[in-house]
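Take a look at the letters that make up each chain.
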Amino acid sequence: TSSAPANYCTFNPLDSNQTHSNGNLSVVCDGGTSPRAGTGTIVVSSGKYYWEVTVTAGSPQKGFIGVVEDKYDGNGSTLPNSHGDGVFYFGEAGTPQKVIDGSYSSYGESYAANDVIGVALNLDDGDITFYKNGSSQGKITTKTFTGAYKLATGHGSSSGSTTYALNAGQK
């Protein structure tokens, strides 16, 4: 075990006006507060990354989990309500979808409260794979990743909320 300090991604309280807790490892994405999103503190443009997000409360069927281009600062935008310039796994009950730069198509299984959604982002090969409770939902390779990206979660309705807990490998 290393005692050296390490940097781990958390939800960025400066990047949205949502409610953060647990050392910024939890965020409530409230449909009544714009933007309805939580984004990460670390921005990447190359390499391979993995993290997990657990839907802990609220309306997971309206939840968005994925990555968004860093050009959005969260303040004044509708990130990820507009779902542009990113890739998301939308857990809509009965009709789960992937969202690539604002285009929706069928993808994977619906997710619910307490499901753990893993995200494997490979910027070097240009793909992303989402996992529901350890089971791959399929590799997405139809997105050309250019620029810098950060993790993002959101709530896809103007009412209700979704609460997320982040595991980015922190000690």
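Rules used throughout
- Residues numbered from 1 in each chain as written.
- Predicted model: local features only at pLDDT ≥ 70, side-chain atom pairs only at ≥ 80, totals over all residues.
- Heavy atoms only, no water.
- 1 Å grid on protein atoms, 1.4 Å probe; cavity = no way out; pocket = protein on both sides within 12 Å on 5 of 7 lines; lining within 4 Å.
- Points joined across faces, edges and corners; volume = space filled by probe spheres on them.
- Helix = DSSP H or I, 4+ residues; strand = E, 2+ residues; numbered from the N terminus.
- Nonpolar A, V, L, I, M, F, W, Y, C, P; charged D, E, K, R; others polar.
- Phe/Tyr/Trp six-rings, centres within 6.5 Å; stacked < 30°, edge-to-face > 60°.
- Buried < 20%, exposed > 50% of the residue type's maximum accessible area, 1.4 Å probe, protein only.
- Pairing = 2+ DSSP bridges.
- Axes fitted to C-alpha atoms, helices over the stretch in contact; angles between N-to-C directions.
- Contact = heavy atoms within 4.5 Å.
- Salt bridge = Lys/Arg side-chain N within 4 Å of Asp/Glu carboxyl O.

1. Overview of the layout of surface pockets
A water-sized probe rolled over the atoms picks out the places where empty space is left.
Okay, so step 1: Counted as a void, the largest pocket has a volume near 240 Å³.
Okay, so step 2: Lining the largest pocket are 14 residues, and of these Cys9, Ile42, Val44, Tyr49 and Trp51 sit closest to its centre.
Okay, so step 3: Those elements that provide at least two residues to the lining of the largest pocket are strand S4 (48–58) and strand S12 (149–155).
Okay, so step 4: For the lining of the largest pocket, the residue count by class is twelve nonpolar, one polar and one charged.

2. What to know about the packing of aromatic side chains
Okay, so step 1: In the structure shown here, the tally under the stated rule is eight aromatic pairs.
Okay, so step 2: Ring centres of Tyr89 and Tyr107 lie 5.4 Å apart, and the angle between their planes is 90°; on these two criteria the pair is classed as edge-to-face. Here Tyr107 lies in the loop between strand S8 (103–106) and strand S9 (116–122) and Tyr89 lies in strand S6 (residues 86–90), a separation of 18 residues in the sequence. Note on accessibility: Tyr89 and Tyr107 belong to one class, buried.
Okay, so step 3: With 6.1 Å between their ring centres and 80° between their planes, Tyr107 and Phe130 make a pair best called edge-to-face. Of this pair, Tyr107 sits in the loop between S8 and S9 while Phe130 sits in strand S10 (residues 127–132); the two residues are 23 residues apart in sequence, bridging distant segments of the chain.
Okay, so step 4: Residue Tyr107 is classed as buried on the basis of its relative accessible area of 6%.
Okay, so step 5: Following the ring pairs from residue to residue traces out a cluster consisting of Phe64, Phe88, Phe90 and Tyr104.

3. Quick notes on the sheet that holds strand S7 (residues 97–100)
Okay, so step 1: Ordered in space as S3-S12-S5-S6-S7-S8, the six strands form an open sheet in which the pairing is antiparallel. On the outer flanks of this sheet lie strand S3 (37–39) and S8, each paired with one strand and no other. On average, each strand axis in the sheet is tilted by 20° relative to the strand beside it, whichever way the strands run.
Okay, so step 2: When S6 meets S7, the two strands line up antiparallel, connected through four bridges. When the sheet's bridge partners are listed, Tyr89 is paired in S7 with Lys98.

4. Focus on the sheet that holds strand S2 (residues 26–30)
Whenever strands of a sheet pair, they do so through backbone hydrogen bonds, lying parallel or antiparallel.
Okay, so step 1: Judged by pairing direction, the sheet is antiparallel, and its seven strands sit side by side in the order S1-S2-S13-S4-S9-S10-S11 without closing on themselves. Looking at the sheet topology across the chains shown, the edges are occupied by strand S1 (19–21) and strand S11 (135–140). Sheet twist, expressed as the average angle between the axes of neighbouring strands with direction ignored, equals 20°.
Okay, so step 2: For S4 and strand S13 (residues 161–167), the ladder comprises six bridges, and the chain directions are antiparallel. Note that in S13 the partner of Val53 across the bridge is Leu166.

5. Notes on the environment of Gly23
Okay, so step 1: Checked against the element boundaries, Gly23 lands in the loop between S1 and S2.
Okay, so step 2: Residue Gly23 is classed as exposed on the basis of its relative accessible area of 59%.

6. Brief notes about the environment of Asn114
Okay, so step 1: Along the polypeptide, Asn114 turns up in the loop between S8 and S9.
Okay, so step 2: Leave out the neighbours within four places in its chain, and Asn114 touches Thr54, Val55 and Asn133.

7. Remarks on unusual backbone geometry
Peptide bonds are mostly trans, and most non-glycine residues show a negative phi.
Okay, so step 1: One non-glycine residue with positive phi stands out, namely Asn24, at about 65°.
Okay, so step 2: Here Asn24 shows up in the loop between S1 and S2.
Okay, so step 3: The phi torsion at Asn114 lies on the positive side, around 75°, for a residue other than glycine.
Okay, so step 4: The exposed category is assigned to Asn114, whose relative accessible area is 59%.

8. Thoughts on the pattern of salt bridges
Okay, so step 1: Within this structure, the stated rule accounts for three salt bridges.
Okay, so step 2: Residues Lys62 and Glu92 are paired through a salt bridge, measuring 3.3 Å at the closest nitrogen-oxygen approach. You can see Lys62 sitting in the loop between S4 and strand S5 (63–69) and its partner Glu92 sitting in the loop between S6 and S7, a full 30 residues away along the chain.
Okay, so step 3: Taking the relative accessible area as the measure of exposure, Lys62 reaches 27% and is therefore partly exposed.
Okay, so step 4: As a salt-bridge pair, Lys150 and Asp70 come within 3.2 Å of each other at their nearest N and O atoms. One end of the pair, Lys150, is in strand S12; the other, Asp70, is in the loop between S5 and S6, with 80 residues separating them in the sequence.

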